[in-house]
Amino acid sequence: IPDRDRTTADAGVALDDITVDFGGVTALEDVSLSVDEGEFFTLVGPSGCGKTTTLRAIAGFEEPAAGEVHIDGRRVTDLAPERRDVGVVFQHYALFPHMTVRENVAYGLRFRDPPGNVTDDERVDELLSLVDMAGMGEREPEQLSGGQQQRIALARALAPGPDVLLLDEPLSALDARLRERLRVTIREIQQELGITTIYVTHDQSEALAISDRVAVVSGGRIEQVAPPETVYREPRSRFVAEFVGENNLLDGEVTESAPPRTTVDGTPITLPESATVDTGDPVALCVRPEVLSLGESEMVSNATTLTATVEHREFLGDAYRVHCSWNDRSLLVKTDSREPPEGTVTLTVAASDIHLLSDSGR
Ligand code: ATP
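Cut-offs used in this document
Residues numbered from 1 in each chain as written. Predicted model: local features only at pLDDT ≥ 70, side-chain atom pairs only at ≥ 80, totals over all residues. UniProt positions renumbered as here; feature names shortened; annotations may be inferred. Helix = DSSP H or I, 4+ residues; strand = E, 2+ residues; numbered from the N terminus. Buried ≥ 20, exposed ≤ 12 C-beta atoms within 10 Å, placed from the backbone. Contact = placed C-beta atoms within 7 Å. Pairing = 2+ DSSP bridges. Axes fitted to C-alpha atoms, helices over the stretch in contact; angles between N-to-C directions. Arc of directions from axis to C-beta. Near = placed C-beta within 6 Å. Nonpolar A, V, L, I, M, F, W, Y, C, P; charged D, E, K, R; others polar. Core = buried A, V, L, I, M, F, W, Y, C linked by C-beta atoms within 7 Å. Domains from an automatic or database assignment. pLDDT = per-residue confidence, 0-100.

- The chain has the name Molybdate/tungstate import ATP-binding protein WtpC in an unreviewed UniProt entry, where Halococcus thailandensis JCM 13552 is given as its organism.
- Turning to the chain, the UniProt record has this under Subcellular location (unreviewed entry): "Cell membrane".
- For the record of the chain, the UniProt heading Subunit (unreviewed entry) holds the text "The complex is composed of two ATP-binding proteins (WtpC), two transmembrane proteins (WtpB) and a solute-binding protein (WtpA)."

Here it is as structure tokens:
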């Protein structure tokens, strides 16, 4: 579904043509997004592309020069941050150092909806168990690890029962192993609460791992919005193909339209049957390193074989990452072969594993 066709009224969060300027610098240009209720939605892109600005515009910390922000069908464009019912967690935990863990979480309750029959103390206990920190209430933030501090920051953001959770690089100050553990925790909590969540990261593998849908951002614009599998397998632009995962991008020219074929540097390559191309069209082929398999395979129909030379290889534990040269180009290959590839190798790629970029122009 094109994002614009989703309706603002049903969305957990909707941005309509948001533009944000900083003294002549356009940080966001006509950004439109629609995040479903209960969805885990991630903004991913390189440094400076506008991810944080997008999040801040949703939270109300940034006033857009144009456009509208909706949360749960309410127009909130002119509302102050504390009236938007959003919980925010930033990269740096920003817990109050002079308050205990319990006091930090309780601070989040000051904007709480009418309490019902749960006391503040009970609510704090509930939140501490939710983030797996029960019994740690009397500690000071400095007695906590980075990961524990982020759990408390999450509990504090969730305390008032917000409609939307906004997370800005919450894991980037942590080491790799802890990042992987905590992202699972965040996802589990998000699913348990069913809360609409927008997550910002520059780490594409984190984005793919955690999200229902991903928006790839570049230069203040949205390049593609899709589920992780689609962003990975069917990148819409050269930027997405190169930013998300690794890719061999080959430019060629169509030599035959049915069955579709191209040549790249004079070598014929069979294209997916579904490709609608005309003879003479320029095409840009995305070939992921893992779809180039070592050796010739009788099993693969519509395959192309290439002869390449191994330049060097890296052992990754579960695979080899192999840098090959082919027709004066580099080709990256990922193989789970147990034998270290070396010398001259035959590479096979199935036509159906080749993705054609829709923007074939450079
Ligand atoms: P990072 O991953 O490095 O945090 P980002 O994708 O979150 O990057 P933003 O922080 O949203 O990017 O910044 C987008 C653009 O707006 C950048 O060019 C940045 O320099 C600019 N920018 C952001 N905040 C301000 C500000 N307060 N004043 C001026 N320019 C700003």
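Considering the overall build of the chain
Inference 1: When you go through the chain residue by residue, the secondary structure sums to eight helices and 20 strands.
Inference 2: In terms of overall dimensions, the chain has C-alpha extents of about 70 × 45 × 35 Å along its principal axes.
Inference 3: Counting every position in the chain, which comprises 362 residues, the buried fraction comes to 38%.
Inference 4: Long-range pairs, those at least 24 residues apart, make up 64% of the contacts in the chain with a sequence separation of at least 6.

Observations concerning the sheet that holds strand β10 (residues 221-226)
Inference 1: Within the open sheet, the six strands sit side by side as β6-β7-β8-β3-β9-β10. Their pairing is mixed. Edge strands, defined here as strands with exactly one partner in the open sheet, are β6 (86-89) and β10. Here the average twist between neighbouring strands, direction ignored, is 15°.
Inference 2: Pairing of strand β3 (residues 40-44) with strand β8 (residues 196-201) involves five bridges; the strand directions are parallel. Paired with Phe41 across the bridge in β8 is Ile198.

Focus on helix α3 (residues 120-130)
Inference 1: When α3 is considered as a whole, its buried residues turn out to be Arg123, Val124, Leu127 and Leu128. All buried residues of α3 lie within an arc of 135° about the axis, which places them on one face of the element. Exposed and facing more than 90 degrees away from the buried side of α3 are Asp121, Glu122 and Ser129.
Inference 2: Phi turns positive, to about 60°, at Asp132, one or two residues after α3.

A few points about the sheet that holds strand β13 (residues 267-270)
Inference 1: Across the sheet, which stays open at both edges, the five strands sit in the order β13-β12-β11-β14-β20 with antiparallel pairing between neighbours. The sheet is open, and its two edges are formed by β13 and β20 (355-356), each paired on a single side.
Inference 2: Where strand β12 (residues 260-264) lies against β13, four bridges are found, and the strand directions are antiparallel. The residue bridging Thr263 from the neighbouring strand is Pro268, located in β13.

Quick notes on the site of the ligand
Inference 1: In the vicinity of the ligand, the contacting residues are Phe22, Val25, Ala27, Gly45, Ser47, Gly48, Cys49, Gly50, Lys51, Thr52, Thr53 and His202.
Inference 2: Of the residues that constitute the shell around the ligand, the class distribution is four nonpolar, seven polar and one charged.

Comments concerning the nonpolar core
Inference 1: Counting residues in hydrophobic clusters, the biggest one holds 88 residues, and the most contacted among them are Ile58, Val105, Ala155, Leu166, Ile198, Ala215 and Val216.
Inference 2: When sequence neighbours within four positions are dropped, the list of residues in contact with Leu166 reads Leu55, Ile58, Ala59, Val86, Gly87, Val88 and Ile198.

Points about the domain arrangement of the chain
By a widely used convention, the size of an interface equals the accessible area lost when the partners come together.
Inference 1: Domain annotation of the chain identifies domain 1 (3-243) and domain 2 (248-356).
Inference 2: Between domain 1 and domain 2, the C-alpha centre-to-centre distance is 39 Å.
Inference 3: Of all the elements, helix α8 (residues 238-243) adds the most residues to the side of domain 1 that touches domain 2, at three residues.
Inference 4: Taken together, the residues that form the side of domain 1 that touches domain 2 break down as two nonpolar, no polar and four charged.

Considering the environment of Gly12
Inference 1: One can find Gly12 in strand β1 (residues 11-22).
Inference 2: Assessed through the 21 C-beta atoms surrounding it within 10 Å, Gly12 is described here as buried.
Inference 3: Residues Gly12 and Asp72, spaced 60 residues apart in sequence, show a C-alpha to C-alpha distance of 4.6 Å.
Inference 4: In this view, Gly12 contacts Val35, Asp36, Glu37, Gly38, Glu39, Asp72, Val164 and Thr196; residues no more than four positions away in its chain are not counted.

Observations concerning the confidence of the model for the chain
Inference 1: On average, the chain scores 90 in pLDDT, and the residues at 70 or more come to 94%.
Inference 2: A low-confidence stretch, residues 1-5 stays under pLDDT 50, and its non-local contacts, those more than four residues away or across chains, total six contacts.
Inference 3: Across the predicted assembly, pTM comes out at 0.91 and ipTM at 0.94.

Quick notes on unusual backbone geometry
Inference 1: Residue Pro259 is bonded to the preceding Ala258 through a cis peptide linkage, with omega at -5°.
Inference 2: If you trace the backbone, Pro259 turns up in the loop between β11 (248-257) and β12.
Inference 3: Although it is not a glycine, Asp30 sits at a positive phi angle of roughly 50°.
Inference 4: With respect to the helices and strands, Asp30 occurs in strand β2 (residues 25-36).
Inference 5: The exposure class of Asp30 is partly exposed, given the 15 C-beta atoms found within 10 Å.
Inference 6: For Asp85, which is not glycine, the phi dihedral falls at a positive 60°.
Inference 7: Inspection of the secondary structure assignment puts Asp85 in the loop between β5 (74-75) and β6.
Inference 8: Judged by the 17 C-beta atoms lying within 10 Å of it, Asp85 is partly exposed.

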